[in-house]
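So the chains spell out like this:
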Amino acid sequence: MLLKELLKDHEVILASGSPRRHRFMEQLEIPFKSDVRPIDEVFPKHLKGEAITAYLAKLKAEAFDDLAARQILITSDTIVYLNEKAMGKPQDHAEAVQMISALSGKKHEVISSVCFTTKNDQKTISFTTEVTFRQLERDEIEHYVATYKPFDKAGGYAIQEWIGLVGITSITGSYFNVVGMPTHLVYTTLKEMLSQ
């Protein structure tokens, strides 16, 4: 059975203001409403890799203590991970240039976790994609940051924008995960939850 049929008697709440995640939900044919509640996105320093994104995805769900029966809350978090360190969103032009310069000529990981919360249950899934940049020139990095202003993007870049088109040489794993959501896992996890 198609997921949209299984969802007929449920309401999906997406706790994200990301236009990319909204578009993915529409393309997955998942009806949803958006509800973003502010939280302080801070994680314990000892956490590594997907433990960071899983922690933050669950933390975002804690703001929703009023879920009704048949509501499914989806919270998520994505980081760019290089040399055992998480890159969040750059604060300004200089930090975005610094982040992309660090990624230049190297392989890094894009790690996403998605947390599915109902009134009585919670499940978290994670996915990692490896991305490799060629050695980028300084003026290419400066041009990208000045033109595209990627300050709402983890690691300071978006794979679907100019820097991805000219700079990324290989990708292992889900492309859509790098854009912002491991779409295949969101679909299959919801199907599994609703088929039980």
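Remember, it's a predicted structure, so these values are computed and weren't measured experimentally.

(A) Spotlight on helix H5 (residues 138-148). Among all positions in H5, only Glu 140, Ile 141, Tyr 144 and Val 145 are buried. Buried positions in H5, seen along its axis, are confined to an arc of 125° and lie on one side of it. Structural note: H5 exposes Arg 138 and Asp 139 on the side pointing more than 90 degrees away from its buried face. Looking at the packing, one finds that the buried side of H5 touches helix H4 (93-103) and helix H6 (162-167).

(B) Fine view of the pairing of strand S1 (residues 11-14). Pairing analysis gives 4 bridges linking S1 to strand S3 (residues 71-82), with the strands arranged parallel. Bridge pairing in S3 links Val 12 to Ile 72. In terms of strand pairing, S1 meets strand S2 (residues 33-34) through 2 bridges, oriented parallel. In the sheet register, Leu 14 faces S2, and the bridge partner there is Ser 34.

(C) Structural context of the side chain of Ser 113. Structurally, Ser 113 is set in strand S5 (residues 107-117). Polar side-chain contacts of Ser 113 include one of 2.7 Å to the side chain of Thr 53. Not counting residues up to four positions away in its chain, the partners in contact with Ser 113 are Glu 50, Thr 53, Ala 54, Ala 57, Thr 75, Ser 76, Asp 77, Thr 124, Ile 125 and Ser 126.

(D) Just the pairing of S3, in detail. For S3, the buried fraction is high: 12 of the 12 residues fall into the buried class. Note that S3 and S5 share 9 bridges and pair antiparallel. Bridge assignment links Ser 76 to a residue of S5, and that residue is Val 114. Alignment of S3 against strand S4 (residues 85-87), held across 3 bridges, turns out to be antiparallel. Bridged to Tyr 81 within S4 is Ala 86.

(E) Representation of H4 within the structure. Of all the positions in H4, only Ala 96, Val 97, Met 99, Ile 100 and Leu 103 are classed as buried. One side of H4 holds all its buried residues, which, seen down the axis, span an arc of 160°. Turned more than 90 degrees off the buried face of H4, the exposed positions are Ala 94 and Gln 98. Taken together, the buried residues of H4 touch S3, S4, S5, strand S6 (122-133) and H5. For H4, the N-terminal capping position is held by Asp 92, with its side-chain oxygen 3.3 Å away from the main-chain nitrogen of Ala 94.

Conventions and cut-offs
- Residues numbered from 1 in each chain as written.
- Predicted model: local features only at pLDDT ≥ 70, side-chain atom pairs only at ≥ 80, totals over all residues.
- Heavy atoms only, no water.
- Buried < 20%, exposed > 50% of the residue type's maximum accessible area, 1.4 Å probe, protein only.
- Helix = DSSP H or I, 4+ residues; strand = E, 2+ residues; numbered from the N terminus.
- Arc of directions from axis to C-beta.
- Contact = heavy atoms within 4.5 Å.
- Pairing = 2+ DSSP bridges.
- Polar contact = N/O pair within 3.5 Å; in protein donor to acceptor, adjacent residues only side chain to side chain.

Distances and angles like these do not, on their own, reveal function.
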